[in-house]
Each structure stands twice: as structure tokens, then as C-alpha cells.
Amino acid sequence: MSEVTLEIDGKEVKAEEGTTVLEAAKGAGIDIPTLCYHPALSPFGSCRLCMVEITSKGRKRLVTSCNYPVEEGLVVATKSPDVIEVRKGIIELLLARCPNVELIQNLAKEYGVEEPPYKPGDEDEKCILCGLCARMCEERMGASVINFVDRGVDRRVETPFQGTGDKDLDVCRACGACAFVCPTGAITLEDITGKTPEPILSEFDEGLATRAPVYVPFAQAVPNVPVIDKEQCVHFTTGKCKTCEEFCAPRAIDFEQEDEVIEVEVGNIIVATGFDLFDPSVIQQYGYGRLDNVLTSLEFERMVNSAGPTEGHIVLKDGSEPGSIGLIHCVGSRDEQYHEYCSRVCCMYSMKFAHLIKEHTSADVYEFYIDIRSFGKGYEEFYNRMLEEGTVFIRGKPAEVTNIAETPEEEGKLIVQFEDTLVGRQRRLPVDMVVLSCGLEPSRDVEEVARLFNISRSADGFFLEKHPKLDPVATMTDGIFIAGCCQGPKDIPDTVAQASAAAAEALSMISRGTVEIEAATAVIDESLCTGCQLCKILCPYSAISFDEEKRVCRVNEALCKGCGVCVGGCPSDAINLSHYTNEQILAQMEGALS
Amino acid sequence: MARVNSPKELEGLRQQILSERDPNKPCIAICAGIGCLACGAAKVVTVFKQEVEKQGLKLDVDIKETGCPGFCERGPIVVIYPEEICYLQVQPEDVPEIISQTIKEKKVIDRLLYIDPTTGEKSTYESEIPFYKNQHRLLIGQNIKIDPRSIDDYIALGGYKALAKALCAMTPEQVMEEVDKANLRGRGGGGFPAGAKWKTTRDAPGEPKYVIVNADEGDPGAFMDRSLLEGNPHSVIEGLVIGAYAIGSHEGFVYVRQEYPLAVENINIAIKQAGEYGLLGKNILGSGFDFVIDVHRGAGAFVSGESSALMTAIEGRVGEPRPKYIRTAVSGVWDKPSNLNNVETWANVPLIIDRGADWFRSIGTEGSKGTKIFSLVGKVNNTGLVEVPMGVTLRSIIYDIGGGIPGGKKFKAVQTGGPSGGMIPEQYLDASVDFDELTKLDSMMGSGGMIVMDEDTCVVDVARYFIDFLCDESCGKCVPCREGLKHMREILNDIVGGRGKQGDIELLEGLSRVMKKASLCALGQTAPNPVLTTINYFRDEYEAHIEEKRCPALVCKELISYHIDPDKCKACMICGRECPVSAISGGKGLIHIIDQEKCTRCGTCFDVCPTRFRAVKKISGEPVPAPVPEAERVLVRGNK
């Protein structure tokens with residue numbers, strides 16, 4: 001595209017051919033008022049507010065800058081007496097139409113229009129008939145749910161067959177784009193559809209906040225760029241929209257971009273796939289997902305975060321500050337029905353919550369625990385400090401959280417029913433909020449990852465290390481290490497320590513430059529192998545593969561650890577361990593016995 | 001029908017049609033145009049057919065339903081060929097007499113002839129009637145000779161000769177040059193030179209190119225295009241094909257209002273017939289040029305007559321105008337170059353090609369060439385369609401052709417150009433009618449509507465009428481037009497309703513300025529014209545309404561009162577009986593009195609009071625005289 005030079009208000013302005021005078025003026029920082037213009041929509045030219053005076057080919061005339069294409073040598077005046085007269089005239093007409101719309105009132109103030117000389121219209125009228133909503137719906141959303149009906153002075157925005165009371169049109173997705181783009185708040189979604197919009201919940205904020213279909217996953221995400229949610233994006237679901245493209249000045253939005261699979265050849269892999277939080281909704285008696293103000297620990301963590309959905313304010317669903325909060329320990333942990341193991345971090349993070357609650361609010365805090373396990377450095381001291389801060393520690397695992405009040409004091413509260421084991425009494429405690437200190441469990445895809453990396457898992461489902469004491473970061477497969485919660489629940493210091501160890505192990509391999517493989521590996525005598533593949537199933541290192549052509553099994557010597565499981569398992573005695581053949585062993589035995 | 005494959009074959013066809021027709025065979029041509037149909041022409045045709053059969057003349061007499069010759073005031077019109085005797089206002093009862101007297105006996109029936117109301121002179125032939133005598137009917141003159149549903153009728157009169165000439169003897173450039181040289185200006189109202197527009201479309205990048213007939217005639221009281229499309233559709237088709245050839249278009253649209261059912265029907269028949277002769281479709285007349293026409297029916301929106309709105313409507317969207325900073329000739333229907341011209345413009349094209357640009361230039365004024373059809377309506381004796389050379393005076397049209405104002409009333413103004421035009425007062429009656437002169441008078445030629453108003457017309461009320469019309473017909477897209485018209489109507493309603501305030505005139509003028517400058521399309525830009533011209537020429541009437549609460553023309557209901565002159569009332573009780581709200585008291589021998597409280601100012605009493613008494617008075621701006629005291633109400637009849 002070539003560039004043209006024009007003059008706007010005496011200023012030389014360069015603009016790309018095919019753009020409009022309005023765009024050129026905006027680019028040059030010259031303000032022209034608009035009402036029906038929107039950068040993402042086709043110019044409509046209906047409000048006439050953006051009129052400017054142009055001199056083209058020696059002729060002066062008024063044109064709408066929103067759709068007048070730039071020309072070489074065009075002279076534009078955005079504030080000539082004619083322009084101002086027309087603009088004022090239009091503002092007078094609009095003010096008479098919508099006397100109580102702030103946007104118009106502000107324009108009137110700016111242009112010195114006090115009282116329109118005409119009879120004022122309906123004082124509740126908000127619609128200025130700019131058509132942004134209709135164009136947004138048609139051009140970008142591809143739905144065409146609303147448009148102008150009737151003509152002349154009776155023109156208005158309507159849904160089809162409005163008045164028949166049928167608002168349940170399938171075409172409307174209740175996306176809200178019309179209301180979003182309306183400059184005067186004349187449109188509400190209820191006017192258009194019977195459907196309720198379904199906001200997209202932010203994954204990072206644990207569903208406590210909503211997000212747009214194009215979003216930065218979380219602050220300081222790496223890379224720190226927005227992503228498009230293909231499932232929700234109107235463009236990817238209907239082929240329309242692309243509004244974001246119009247707003248991105250560097251034109252960085254690329255709808256063609258696809259997920260990439262990058263293959264990297266490495267000698268070592270450290271698996272640090274982490275954990276998942278236990279889902280407390282399965283413990284129905286705690287009411288999570290059913291009762292308001294019952295939160296998981298991670299949800300509370302987001303809430304109390306100053307960059308979180310409530311900017312760090314601890315609030316109830318109705319927005320008010322809680323007067324009392326109960327923290328229930330061991331949710332999903334140390335529980336035969338869910339996980340027998342202790343998740344190790346819950347006691348301490350619960351106490352951190354107690355501290356933060358005290359810091360942020362004046363609420364009473366109750367910690368319901370089985371045992372306090374403050375095992376780390378400085379942890380016990382922190383526990384003592386909590387006791388001093390006035391956190392109430394109650395020994396007893398609650399049986400139920402309910403909203404059914406039995407006394408007037410319990411009305412409108414969450415009641416924690418528990419046995420105080422220190423006094424040996426059943427009690428009910430009304431609180432405003434309950435935080436469930438959920439345990440840690442192996443991540444959802446743990447099985448898949450285990451298979452992929454050939455890592456064994458312990459009874460609790462976490463990855464199994466080679467040796468709990470002597471080789472805690474290695475796995476049975478050389479070059480594959482584990483670190484962090486994928487190996488088992490642990491807190492941050494432990495995770496960092498383990499990760500450092502894993503990195504050191506990997507580095508030692510790298511610095512050696514070579515890998516020593518086992519000398520004594522299994523060897524299959526193909527003439528004896530029947531192709532039953534029993535050995536393949538038995539091999540703990542996935543070192544045996546099946547040759548479909550010859551219908552015999554093969555051993556990958558690099559993977560084989562020479563454990564001998566296959567040798568013992570082979571029904572046709574086709575497998576021998578090199579250096580340890582049956583004959584050799586028998587000979588050794590004979591030698592030893594003789 | 002056999003395909004016509006060359007100009008020679010077309011001429012052959014014409015000769016064959018002519019040879020099959022006996023020029024001396026009596027032919028009864030009955031106008032089947034919409035005006036005459038409204039006066040009962042359909043019945044007249046049926047009776048003619050029955051009568052001819054009854055009298056055993058079926059094979060000896062032809063009956064033809066033709067297009068509109070224009071003299072709608074005197075319909076149904078019947079012309080008897082070969083003598084060309086012109087009968088007006090023919091009723092079914094007249095039919096037997098016409099058959100027996102005129103057809104059989106060759107006698108002229110005097111009472112059906114045109115009789116000049118002033119001289120009493122009778123006119124036997126169309127050409128002698130003053131209404132026609134002063135016209136120059138190039139376009140509508142043949143209507144009465146043609147059955148619009150018969151292509152043979154059109155070909156017999158030399159139809160499609162111009163097409164043959166253009167396609168086979170001229171290059172597209174030559175055609176374009178000829179039209180350009182003729183300085184044919186758009187008849188739709190704008191007066192833009194057709195040649196220049198064609199050239200823009202031809203030179204614009206993009207294929208296909210479209211040509212469009214704008215037959216969305218919507219001005220109140222205008223029916224020029226309707227009569228052409230209904231009465232001589234082939235002339236429009238021929239012009240369109242020639243234009244398409246010059247422009248390089250192979251697809252055309254006829255955008256015609258759904259409210260013109262006969263026009264829709266006739267143009268469709270004409271397209272079908274032309275297609276059968278190979279005058280449309282592939283390889284027209286063996287020239288290698290292809291062209292098809294699609295008829296698009298308008299859904300009844302005045303604004304769709306605006307070119308960009310019309311094109312939006314063709315695309316299947318709501319007919320709303322869009323800015324024309326890039327002309328529709330460059331980016332029109334589906335953003336393709338699209339050349340739109342009015343029905344009448346297209347109908348002029350065959351004439352120019354056939355007779356040459358020089359001949360065409362010999363008609364009209366310096367800047368406006370050729371003829372223009374006007375629909376002359378309102379307070380004028382001879383209403384109907386009038387085709388005159390550009391440059392004749394308004395006076396000539398209204399008085400020489402229109403026969404002046406009926407009832408001896410005084411001429412007040414003429415509205416030209418429909419709702420977008422303006423009202424021209426008496427002092428400019430000698431202005432010549434062409435594109436430029438009317439614009440100088442703040443009015444416009446428009447598509448040719450001409451509404452004559454007499455002294456009984458209130459100009460403020462008429463301006464209000466047009467603004468009211470436009471309030472409904474504006475598309476409502478842009479603020480100045482939609483909101484401006486609304487307030488303009490409100491102010492005018494206040495003025496005619498006696499609620500006008502000081503400053504209203506200035507407010508109207510200011511609002512008009514904004515609307516003229518800021519509106520998106522020509523509808524809004526010209527909408528204030530009726531108001532502005534009336535303020536300009538009849539400011540005193542506005543002032544009378546506002547300041548004295550007086551309607552000088554005694555029209556505006558809220559400003560007038562009726563009362564009965566006790567000196568003239570003969571107590572006949574007619575008005576009392578007719579009054580719909582029983583506002584008149586009185587009885588036999590008792591002078592009637594109108595109860596001003598009850599009176600709705602419907603004017604019935606005024607209309608029914610016998611002219612020999614004229615006792616009911618209409619007044620405005622003055623108090624109603626006090627009713628006669630009861631004691632004096634008894635009417636003492638003269639010596640009886």
C-alpha cells in the first residue's frame with residue numbers, strides 16, 4: 001500500500017492509502033468526535049458527528065471522516081465554522097432525543113449546547129440508534145440477532161418477532177457483545193434473550209474470577225503473552241469476530257497459529273510433574289460445591305493474594321467480610337477412605353492462612369486438626385506464634401459442615417459439627433467461612449507419565465524413587481530423575497532440595513559424557529524363542545521388543561539391566577544372561593561343590 | 001417465435017408484421033393505463049369485445065389495450081384507427097354507439113370529443129386537443145399505438161432498430177460518444193450526465209458490471225415512469241441493452257416497485273418476448289453481445305429510489321443508503337461497478353441512437369436537452385402526463401397544456417420535484433423548466449412531479465404534509481434526517497395548530513441548514529426544500545399563522561371557524577341536517593347558528609350551503625361574530 005500525504009487542521013499527515021480521514025486524524029493525534037464509529041466495525045456514517053470540511057479538487061464540502069478515504073493533497077478542517085455548526089446541530093437533536101444520556105450530555109457541554117431548542121423526548125430514552133450493537137452482532141458475532149426495525153422516525157433496535165414474547169432465539173448465544181459495545185447502556189442482555197450468559201471462569205483464579213476468551217493465563221506467565229481459548233473464541237467457533245485483531249496495534253494476533261510439538265534430544269530427564277489438589281466435593285458432608293463460602297485451600301490462596309480476584313480481600317460470596325473462619329485439616333489425607341498418607345504441607349499452610357486472616361481481618365479463626373505436624377525448621381515456632389495470635393486449635397476432625405441452623409445464632413451461618421477429642425464432647429460451631437485444607441494427590445495424568453518414562457509408582461500412586469534413602473531422586477531407568485511432589489507430598493524447601501539433587505545427578509552424568517551400560521545383559525536364542533512374548537511383559541525396563549517379521553523377541557542391550565527376570569520366566573529356556581549362561585552357572589556350581 | 005439473428009432479419013420481421021396488418025382495418029385502441037383503468041377502462045374493453053362479437057365484426061375490427069397517452073383527466077380514452085378519432089371519457093354505454101356509428105358508419109360522435117371549455121371548439125383528433133397540441137411527445141406519444149404486451153407492435157413502429165444499429169454498426173465507444181454528445185441528463189432528478197456516468201462504470205475496475213433501471217418511483221402524485229414501464233416497456237429494455245453494450249455489462253436489473261403490479265407484469269412479459277426473439281440473452285442479433293435482465297421488485301420504500309439504497313435492496317438487504325464517496329458507478333451492487341439510470345433516461349437512449357445526438361440536441365435548452373415527462377396534478381384542469389421539451393415555461397405547462405386552474409381560482413404555487421423539491425410561486429411562472437433553472441429557484445426538476453396549488457391551499461400545511469410523508473419514508477439511518485424531520489414536523493404541526501411561537505421560522509431555517517449539510521443521502525439533504533421554499537416565498541403566511549393565529553388560505557382547521565351570516569341564511573336546514581356533530585341549531589324559519597364549542601371545523605356546512613345563499617362563512621384570525629339574539633332569529637320571509 002502506498003502512502004498519501006494530506007493536511008489536517010494545517011498539519012501535514014501521512015496515511016496509508018485506503019484508510020479513512022478519521023483514522024489519519026487519530027494517527028496524528030487530532031480528535032474528531034464519533035458515536036457510531038468503532039474500529040472493529042465497518043463505518044456506518046449515521047451519527048454524522050465526525051463530519052469534517054474537506055477541500056478536494058478546489059471544492060469545499062462536508063463529509064463524514066469515518067468513511068471518507070484519504071486522498072493525496074486533501075485538505076481537511078475538523079473545526080471549521082461549518083463543521084461546528086453541524087456538530088452542534090446534531091448534538092442538539094441527540095440531546096432532544098436522549099436528554100438523560102451522559103455521553104450526549106458531555107458532548108453538549110463540550111460544544112456549549114445547553115438546552116436543545118426542540119421539545120425533549122422520552123426522558124428514559126437511551127438509544128441513539130448508532131447501530132453499533134446490530135453491526136457487532138452481524139459483522140463480528142455472525143448472529144444477526146438484533147437489527148433496526150421500522151424506518152424513519154419509528155426506527156428502533158429489536159430482535160426478530162419482538163413483541164411475540166419469544167426471546168429464546170437459538171441464534172443468540174447471549175455473548176453480550178451488543179451490550180458491551182453500546183455506548184449509552186441502552187441495551188441489556190435481558191432485552192434480547194431469555195438466556196443467561198455463561199461467563200468463562202478463570203482457571204488460574206480457581207473459578208473465583210472470569211476471563212475473556214483471549215487472555216494472559218496468569219501474571220508473569222512464561223511466555224508472558226495472551227492466548228486464545230479456541231473452545232470459547234467466537235472466531236474459532238463461528239468463523240467470525242476477529243475483533244481483537246483490530247485492537248492489536250502491532251498486528252500480533254495470528255489465528256493460524258497451531259500447537260507445536262518440539263522434539264529435543266537429551267541424555268537426562270528430570271520429571272517434576274507435581275501434584276493435584278484433592279477434590280473435596282467427593283466428601284459430601286463438607287458441602288464443597290453445594291454450600292456457599294466453603295472454599296478449597298487453593299481457592300482461598302487466590303483470594304488472599306493481592307493480585308487475585310478480590311485483590312487480597314477476604315470476602316464472603318455476598319462481598320462482606322467474614323466474622324469467623326473455620327479451617328479443616330486433613331481433607332482427603334490421613335483418611336482411609338481417600339488417602340492414607342499425610343500430605344505434609346496442610347498443617348503449615350493452614351497456619352499460614354490463620355496468620356493471614358488475622359492480618360487482613362478481625363475474624364476468629366478455628367483450626368480443626370487431627371495432629372499438628374510442624375516438622376520443619378522453624379515450624380514449631382510458627383505454631384506457637386499462632387497460638388499466641390489467638391487462633392483456636394480444636395483437636396477433632398469435623399463430621400459435617402451444614403447450613404441447617406438449630407439455634408438463632410446459627411442462622412445464616414455454616415455450622416461445623418465435630419467432636420472435640422480433648423474434652424470428649426460433640427459440638428457445633430457456627431462460622432461464616434470454611435476453608436478445606438485439601439491434601440495433595442498424584443496428578444491426573446500420573447499413569448500416563450509413568451508409562452511414558454517407564455517409572456514405577458508406589459502404593460500411594462506417586463512416582464517411585466530408586467531407593468528411598470540411598471538414591472531418592474533416581475528412578476529404575478538411567479537418566480530419568482524425579483523431583484518435587486510427583487515423588488510424594490512435600491513442602492517447598494524439600495522440593496527445592498530434591499530438585500537440586502536431581503540436577504546434580506543429571507550434571508554428573510553429563511560431565512562424564514558417557515554412560516556405562518550393564519555388561520551382563522539378556523540374550524535370546526532366536527532358534528529356541530517361540531514368540532510367546534512373556535519376557536516382554538515381565539521386563540521391568542521395557543528392554544524387550546517383539547520382531548513381528550521373525551516372530552521372536554529381541555533385547556535392547558542399552559536398556560537391559562541384566563536383572564534376569566526374563567531368563568527365569570522364559571518357558572522355552574531361550575534366554576540366557578551373557579556371562580551367566582545356564583551352562584556357566586552350572587559349571588560354576590559344579591566347581592564350587594566339587 | 002423465431003429468433004432474430006441479424007439486423008436484416010429484424011427488418012424482415014418488421015416488414016412481415018406490417019404486411020400482415022391492413023392499415024385500413026378499423027382498430028379500437030383503448031388506454032389500459034392505470035389512470036384509465038381507474039376510470040373503468042377494463043369494463044369498456046370488455047363491452048367493446050362483446051359488442052364487436054355481437055355485431056359480427058370480430059374479424060373486421062381489432063381491439064387493442066394500449067399504454068397511457070397521458071390525458072388521465074379525461075379517461076377512459078379511446079382512439080379509433082385509421083381515422084385516429086379520439087374519444088374521451090368513454091363509458092360502457094357509449095360502446096354500442098361507437099361501433100354502430102363510428103366503426104360502421106364512419107360518423108364521429110360529437111359528444112365524446114374534446115370540447116374546449118372556453119371556446120367551445122371540438123377536437124376530433126388527438127393532435128388538435130390543446131393538451132396534446134402543446135406537447136412534444138417523443139417518449140409517451142406512441143403509447144396509444146402500442147399494446148405493451150405485444151413486442152410486434154413495438155417492432156412494427158421501428159422498435160429495436162436502434163439496438164440493431166448500436167450492436168451491429170457501432171462500437172461501444174461510438175455509442176457512448178453519441179450519448180455523451182447528446183448530453184442526456186439523468187431524468188431521475190439529479191440531472192447527472194448519463195454519458196459521463198456510463199463512462200465511469202465502463203472504466204471502473206471490476207467485473208461483472210451491472211446496469212440498473214430505477215423504477216422505484218415514489219414521489220406523491222408522480223407516475224411518469226409507471227406509464228412508460230406499463231405502456232411501452234420495450235423502449236426501456238432497448239435503451240438498457242444499448243447502454244449495457246456501451247458500458248460492457250452483461251447483466252441488468254429492473255428495480256420496480258411492488259405497488260406497480262401492472263408495470264411488473266408488463267416488464268416481465270416484455271423481457272420474455274424480447275428473449276424469445278433473441279433481443280435479450282446470448283448473442284443478441286448475431287452481434288456476439290450477451291445480456292440478461294432480472295426484475296427486482298421493491299418492497300415499498302421511498303428511500304429505495306436513492307441509488308445506493310436501491311443497490312443495497314438488490315443485494316437483498318434493507319434499502320438504506322450508504323455514503324457515495326466512492327460512486328456507485330465504481331462500487332455499487334455487491335461492490336461492482338453499477339450504472340443506474342431512471343426509466344425515462346433509458347427510454348431516451350434508443351431515440352438518441354436512432355436519430356442521432358444532433359437531432360436530440362436540437363430539442364431543449366443549452367444545458368438540458370430533449371424532452372421531459374411531468375405528471376401534472378393538483379388544482380389544474382387537465383391532469384395527466386405531459387411531455388414537453390426542456391425549457392418551456394411553467395406557465396405554458398400549467399395554462400396551455402394544463403388548461404389553467406379550475407373553478408376560476410387563482411394560481412398560488414407549483415411544487416416540482418416531489419417532496420425533495422420546492423414550491424414555486426406565481427412570480428416565477430415564466431421560468432423555463434430545465435435542470436438548472438429550477439435549482440436556481442431552490443426547487444428541483446426531480447423525476448417530474450408537478451403539483452399545482454390554487455389560492456385555497458395553505459403552503460404551511462402543504463410543507464407539513466411533505467415533511468410528514470418524509471418522516472415515514474426516511475430510512476432513519478442518519479441523525480439529521482431522522483431527528484431533524486421529527487422536530488420539523490413537530491414545529492410545523494404547532495404552527496398549523498395555532499401553537500406556533502416567535503422564533504419558529506428561524507428555528508426551521510437553522511434546522512434545515514443542518515439537515516442539508518449533514519444528511520447522509522439526497523433524501524435528507526433535500527427534505528427541508530418544501531419548508532425552505534415556502535418560508536422564502538410565503539414568509540407572510542408563516543407569520544400570519546404564528547403571530548395572528550390566522551391561516552390566510554383558510555385551511556388549517558385549528559385556526560379557522562365557521563359561522564352563519566344571519567343576513568344570508570335562509571334557514572333551509574340543509575347544513576343542520578348534514579352537520580355530523582349536530583353543532584348547528586335552528587329550524588324552519590329560524591336563522592341557523594353554529595355552536596362553536598361543538599363545531600369540529602369539518603367544513604360540511606360550508607360545502608352544503610346552497611351557492612345561491614353562501615351563508616356559511618369561513619374565517620380565520622378574527623373573532624366569530626356574536627350569534628343573533630334569539631329575538632331576531634325568526635326569519636321573516638320576503639313577500640310570499
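Keep in mind it's a predicted model, so treat the numbers as computed, not measured.

## What about the overall build of chain A?
What chain A contains, in helices and strands, is 16 helices and 25 strands. Here the C-alpha radius of gyration of chain A, 36 Å, is well above what a compact globule of 594 residues would show, namely 25 Å. When the backbone C-alpha atoms are referred to their principal axes, chain A occupies close to 125 × 70 × 50 Å. Per-residue burial over chain A gives 44% buried out of 594 residues. Residue pairs at least 24 apart in sequence account for 58% of intrachain contacts in chain A once pairs closer than 6 positions are excluded.

## Observations regarding the nonpolar core
The nonpolar side chains of soluble globular proteins are, as a tendency, buried together. Core analysis: the biggest nonpolar cluster contains 199 residues, and Y160(B), W198(B), F291(B) and Y542(B) have the highest contact counts within it. W198(B) has contacts with V175(B), M176(B), V179(B), G243(B), A246(B), I247(B), N339(B), N341(B), W346(B) and V349(B), leaving out every residue within four places of it along the chain. Among the nonpolar cores identified, the runner-up in size contains 29 residues, and L295(A), F353(A), A363(A) and Y379(A) belong to it.

## Topic: the packing of aromatic side chains
Applying the stated rule across the entire model yields 28 aromatic pairs over all chains. Note on Y341(A) and F462(A): the rings are 5.5 Å apart at their centroids and 70 degrees apart in plane angle, and the pair reads as edge-to-face. Of this pair, Y341(A) sits in the loop between β13 (324-331) and α10 (346-360) while F462(A) sits in the loop between α12 (446-453) and β21 (480-482), and the two are 121 residues apart along the sequence. Here the two residues Y341(A) and F462(A) agree in accessibility, since each one is buried. An aromatic cluster is present here, built from F71(B), Y114(B), F131(B) and Y132(B) joined pairwise through their rings. Of note, R257(B) hangs over the ring of Y260(B), and the distance from its end group to the ring centre comes to 5.4 Å. Of note, K618(B) hangs over the ring of F606(B), and the distance from its end group to the ring centre comes to 5.0 Å.

## Quick notes on the side chain of H38(A)
Residues and elements named next belong to chain A. Following the sequence through the fold, H38 ends up in the loop between α1 (21-27) and β3 (51-56). The exposure class of H38 is buried, given its relative accessible area of 14%. Once residues within four sequence positions are removed from consideration, H38 is found in contact with L132, M136, V181 and F247.

## Comments concerning the sheet that holds strand β19 (residues 433-438) of chain A
All names here are of chain A. Reading across the sheet, the five strands line up as β12-β19-β13-β14-β15 and stay open at both edges, with parallel pairing between neighbours. The strands lining the two open edges of the sheet, one partner per strand, are β12 (294-296) and β15 (392-395). The sheet shows a mean angle of 20 degrees between the axes of neighbouring strands, direction not considered. Direction of pairing for strand β14 (residues 364-369) relative to β15: parallel, over a ladder of four bridges.

## Observations concerning the domain arrangement of chain B
Residues and elements named next belong to chain B. If you check the domain split of chain B, you get domain 1 (20-130), domain 2 (159-361), domain 3 (371-457), domain 4 (460-547) and domain 5 (557-632). Here domain 3 and domain 4 have C-alpha centroids that lie 22 Å from each other. The interface is formed by 18 residues belonging to domain 3 together with 15 residues belonging to domain 4. Between domain 3 and domain 4, a total of about 1,300 Å² is buried, with carbon and sulfur atoms accounting for 67% of that surface. Where domain 3 touches domain 4, the interface holds one salt bridge. Close ionic contact of K412 with E541 constitutes a salt bridge, the shortest N to O distance being 2.6 Å. Put simply, domain 3 and domain 4 have six residue pairs in polar contact (both at pLDDT 80 or more) between them. Of all the elements in the fold, those that place two or more residues in the side of domain 3 that touches domain 4 are β13 (411-416), β14 (422-425) and β15 (449-454). Grouping the amino acids of the side of domain 3 that touches domain 4 by side-chain chemistry returns nine nonpolar, seven polar and two charged.

## A closer look at the sheet that holds strand β16 (residues 400-402) of chain A
Two strands in a sheet stick together by hydrogen bonds in their backbones, pointing the same way (parallel) or opposite ways (antiparallel). Residue and element names in this part refer to chain A. Strands sit in the order β16-β17-β18 across an open sheet of three strands; the sheet is antiparallel. This sheet does not close on itself; its edge strands, each paired only once, are β16 and β18 (425-431). Looking at each pair of strands side by side, their axes are set apart by 25 degrees on average, direction ignored. Here seven bridges tie strand β17 (residues 414-420) to β18, and the two strands are oriented antiparallel to one another. Each bridged residue has a counterpart across the sheet, and for F418 the counterpart in β18 is R427.

## Description of a positive patch on the surface
On the surface, K57(A), R59(A), R61(A) and R327(B) cluster together into a positively charged patch. Among the structural elements, R327(B) can be located in the loop between α13 (307-314) and β10 (338-342). Residue class for R327(B) comes out partly exposed when judged on its relative accessible area of 48%.

## Thoughts on helix α11 (residues 233-247) of chain B
Residues and elements named next belong to chain B. For α11, built from 15 residues, the straight-helix expectation of 21 Å at 1.5 Å per residue is met to within 8% by its first-to-last C-alpha distance of 21 Å. Taking burial as the measure, the 15 residues of α11 include 15 buried ones, the bulk of the element. Positive phi appears at G248, one or two residues downstream of α11, with a value of about 90 degrees.

## Considerations on the confidence of the model for chain B
Residue and element names in this part refer to chain B. Averaged over all residues, the pLDDT of chain B equals 91, while 99% of them reach at least 70. Mean pLDDT in chain B bottoms out at strand β17 (residues 584-587), which sits at 86, and peaks at α11, which reaches 96. Taken together, the chains of this predicted complex give a pTM of 0.81 and an interface ipTM of 0.88.

## Points about the side chain of Q498(A)
Residues and elements named next belong to chain A. Relative to the elements of secondary structure, Q498 occurs in helix α13 (residues 492-512). The buried category is assigned to Q498, whose relative accessible area is 9%. At 3.2 Å, the side chain of Q498 forms a polar contact with the side chain of Q487. For Q498, the residues in contact, after removing those within four places along its chain, are P472, V473, I482, A483, G484, Q487 and K490.

## Topic: the environment of A162(B)
Residue and element names in this part refer to chain B. As for its placement among the helices and strands, A162 is situated in helix α7 (residues 161-169). Using a relative accessible area of 2% as the deciding quantity, one classes A162 as buried. Sequence-wise, A162 and G356 are 194 residues apart; in three dimensions their C-alpha atoms are separated by 10.0 Å. When sequence neighbours within four positions are dropped, the list of residues in contact with A162 reads E238, I242, P350, I353 and D354.

## Some details on the interface of chain B and chain A
Counting residues at the interface gives 34 residues for chain B, matched by 32 residues for chain A. Between chain B and chain A, the buried area comes to about 2,800 Å², and carbon and sulfur atoms account for 56% of it. Looking at the side of chain B facing chain A, the largest losses of area belong to Y325(B), R482(B) and K517(B), adding up to 25% of the total buried there. Summed over the shared surface of chain B and chain A, the number is eight salt bridges. Residue K517(B) pairs with E85(A) through a salt bridge whose shortest N-O separation is 3.0 Å. Elements with a minimum of two residues in the side of chain B that touches chain A: α18 (459-473), α19 (479-496) and α20 (504-518) of chain B. Of all the elements, α19(B) adds the most residues to the side of chain B that touches chain A, at 11 residues. Of the residues that constitute the side of chain B that touches chain A, the class distribution is 15 nonpolar, six polar and 13 charged.

Cut-offs and rules
Residues numbered from 1 in each chain as written. Chains lettered and ligands numbered in written order. Predicted model: local features only at pLDDT ≥ 70, side-chain atom pairs only at ≥ 80, totals over all residues. Heavy atoms only, no water. Helix = DSSP H or I, 4+ residues; strand = E, 2+ residues; numbered from the N terminus. Rg over C-alpha atoms; globule rule 2.2 N^0.38 Å. Buried < 20%, exposed > 50% of the residue type's maximum accessible area, 1.4 Å probe, protein only. Contact = heavy atoms within 4.5 Å. Core = buried A, V, L, I, M, F, W, Y, C linked by side-chain atoms within 4.5 Å. Phe/Tyr/Trp six-rings, centres within 6.5 Å; stacked < 30°, edge-to-face > 60°. Lys NZ or Arg CZ within 6 Å of the ring centre and 35° of its normal. Pairing = 2+ DSSP bridges. Axes fitted to C-alpha atoms, helices over the stretch in contact; angles between N-to-C directions. Domains from an automatic or database assignment. Buried area = accessible area lost by both parts, 1.4 Å probe. Salt bridge = Lys/Arg side-chain N within 4 Å of Asp/Glu carboxyl O. Polar contact = N/O pair within 3.5 Å; in protein donor to acceptor, adjacent residues only side chain to side chain. Nonpolar A, V, L, I, M, F, W, Y, C, P; charged D, E, K, R; others polar. Patch = residues over 30% accessible without salt bridge, like charges linked within 9 Å, V, L, I, M, F, W, Y side chains within 5 Å. Areas by Shrake-Rupley, 256 points an atom, 1.4 Å probe, with all protein chains shown as cover. Lys, Arg positive; Asp, Glu negative; His and termini not counted. Charge placed at Lys NZ, Arg CZ, Asp CG, Glu CD. Expected span 1.5 Å × (residues − 1). pLDDT = per-residue confidence, 0-100.

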